[in-house]
Each structure stands twice: as C-alpha cells, then as structure tokens.
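Fold and geometry: a report
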Amino acid sequence: MAKKILSIVLSVLLLISLVPNFVFAAEGFTISGNQVEYIVGQDTNTVDITFSTSGNPGFTAASFDICFDPDIMTYKEISSYGEIFESSQITVGGQDTKNGILTVLFADGLLDKTADAELITVTFEMLEDIPAGEYEVEIRENSRSGGIFNASEKKVACDLVNGKVSVRNKNVEPISIYADCVTVDKKDKTFDITLNFANNPG
C-alpha cells in the first residue's frame, strides 16, 4: 500500500515538473536542519533532526531525500510530522536506509502551505563505539520528482541546509588515589595508612 501511495505521489510531482513553468524565485526561502550534540555512552542512544522552513512563500508539493552515514547512525522513525502538512499528506517510502537514504514526500495538491514552522522530525539511533566528529544529515531534492512546487505549478527555489550531529566522547575524570597523612612515634612498630579513592568509576 505504501509503495502504491508513493508511486501516485511521485507521478503527480513528475507531471507537475513536466509542465512548462518558470522557477518562482523566493528570496530567503530556506529549509534547514537543526544541530544536536550526542555524547557517546549517554543514557539514550537516539537523536532528533528537525527540518524547518523559513521565509516560506508557499508550496503544495515537494520530495526530499534525507541522507545520513549508516556507519554512524540508523533510521528509527518519523517522530513528528511537523506543523505544516497533515500527516496524511506526508509519505515516507522508497527509502534505502541501509545505504543511508530516506525519501519523504509532501503533497497537498490544492493549497500552498505558507507557514514557517517545523516540517518534519526524523529520529536516528546512534551506533555503539562511534568516533567523535561532526556528521551531517543531508537534505536534498529528490531527483525523480523535479523539486518543490506551488499550487500554480511553478517550481519554487529553496536553499536547503543540512542538519548536523556533533558526536563527543564522554568526559571521564581520572581516578585519584591519596593516603591520609599520619604521624608516627619512633616507639611505634606498626602504623596504619588509609588509601582513599576519588572519581572511582568502579
């Protein structure tokens, strides 16, 4: 069923793209992902990347590929369908998540969506023992659909800004061992020294 819906939506987008039209240049229209920090070894192994619109002139249909490094993270779910399109107007399908590609389609078909708000939130699971670094979650137009279109069947120009996950190693303070200071009389043949541990991880 999901494949059938995906096929229909792609067909609609493709037909729109074939109609002779001008690109509607919307100055300042941006869809951008947020930046999050992930600490290796933290309690939860998931991160949320939210894509939001800014300077939105209005669009009724679009298709994006969301690309990520499958050696660093895996796709878990769409945790929020945002505030612009209804969930029934969003199709997630055709994804190749094993190779780090998730395809998301938005289609109203009649009305332009003009809100500046969250578009969609994707949840990823971070793999174990990953190296520290900066890892982008790329958003790009799906080549099969032709781009972003408004209700007048004009293609809408948009700047796409990737999301990012900053992976950091957990800061572990070094263990400290120290002994109590004792005073020993020369007459004493034995004495006790107590060792103390600080920042003991176990």
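Residues numbered from 1 in each chain as written. Predicted model: local features only at pLDDT ≥ 70, side-chain atom pairs only at ≥ 80, totals over all residues. Heavy atoms only, no water.

1. Some thoughts on the pairing of strand β9 (residues 118-126)
What counts is decided by this rule: Exposure classes here rest on a 1.4 Å probe applied to the protein chains alone. A residue is buried below 20% of its type maximum, exposed above 50%, and partly exposed in between. Counting from the N terminus, the helices are the DSSP runs of H or I reaching at least four residues and the strands are the DSSP runs of E reaching at least two. In short, DSSP must find at least two bridges between two strands for them to pair.
Burial analysis of β9 places seven of its nine residues in the buried class, which makes it a mostly covered element. For strand β4 (residues 46-54) and β9, the ladder comprises seven bridges, and the chain directions are antiparallel. Looking across to β9, one finds that Thr-46 is bridged to Glu-125. Direction of pairing for strand β6 (residues 73-80) relative to β9: antiparallel, over a ladder of six bridges.

2. Here's the deal with the nonpolar core
A general tendency of soluble globular proteins is for nonpolar side chains to be buried together. Operational definition: Here, nonpolar core means buried Ala, Val, Leu, Ile, Met, Phe, Trp, Tyr and Cys residues that are tied together by side-chain atoms lying within 4.5 Å of each other. Contact definition: two residues touch when any of their heavy atoms are within 4.5 Å.
If you look at the biggest cluster of nonpolar residues, it comprises 36 residues, and the most contacted ones within it are Ile-31, Met-73, Phe-124, Met-126 and Val-165. Those residues within four positions of Met-73 in sequence are excluded, and the remaining contacts are Phe-68, Phe-124, Glu-125, Met-126, Leu-127, Tyr-135, Val-137 and Val-165.

3. A closer look at the confidence of the model for the chain
How we decide: pLDDT expresses how confident the predictor is about each individual residue, on a scale running from 0 to 100.
Summing up the model confidence of the chain, the mean pLDDT is 83 and the portion of residues at 70 or higher is 71%. Here residues 1-24 scores under 50 on pLDDT; set against residues more than four positions off or in separate chains, the count is 41 contacts.

4. Points about the sheet that holds β9
The condition is simple: Helix axes use the C-alpha atoms of the stretch in contact, all axes being lines fitted to C-alpha atoms, and the angles between their N-to-C directions lie in the range 0 to 180 degrees.
What the five strands build is an open sheet, ordered β6-β9-β4-β2-β13; its pairing is mixed. The sheet terminates laterally at β6 and β13 (159-161), the two strands that pair on one side only. The average angle at which neighbouring strand axes cross in this sheet is 20°, direction not considered. Where strand β2 (residues 30-33) lies against β4, four bridges are found, and the strand directions are antiparallel. What sits directly across from Thr-30, in β4, is Ser-54.

5. Quick notes on the pattern of salt bridges
The following threshold applies: When a carboxyl oxygen of Asp or Glu lies within 4 Å of a side-chain nitrogen of Lys or Arg, that pair is called a salt bridge.
Scanning the model with the defined rule gives five salt bridges in all. The partner of Arg-168 in a salt bridge is Glu-37, and the shortest N-O contact between them spans 3.9 Å. With a gap of 131 residues between them, Arg-168 in strand β14 (residues 163-169) and Glu-37 in strand β3 (residues 35-40) connect regions that are remote in the sequence. Accessibility expressed as a relative area gives 33% for Arg-168, which makes it partly exposed. Residue Glu-37 is classed as exposed on the basis of its relative accessible area of 51%. In this structure, the salt-bridge partner of Glu-141 is Lys-155, at a minimum N-O distance of 3.9 Å. A residue pair is termed long-range when its members are at least 10 positions apart, and Glu-141 in strand β10 (residues 133-141) and Lys-155 in strand β12 (residues 155-156) qualify at 14 residues. Residue Glu-141 is classed as partly exposed on the basis of its relative accessible area of 28%. Salt bridges sharing partners connect three or more residues here, namely Glu-37, Glu-134 and Arg-168.

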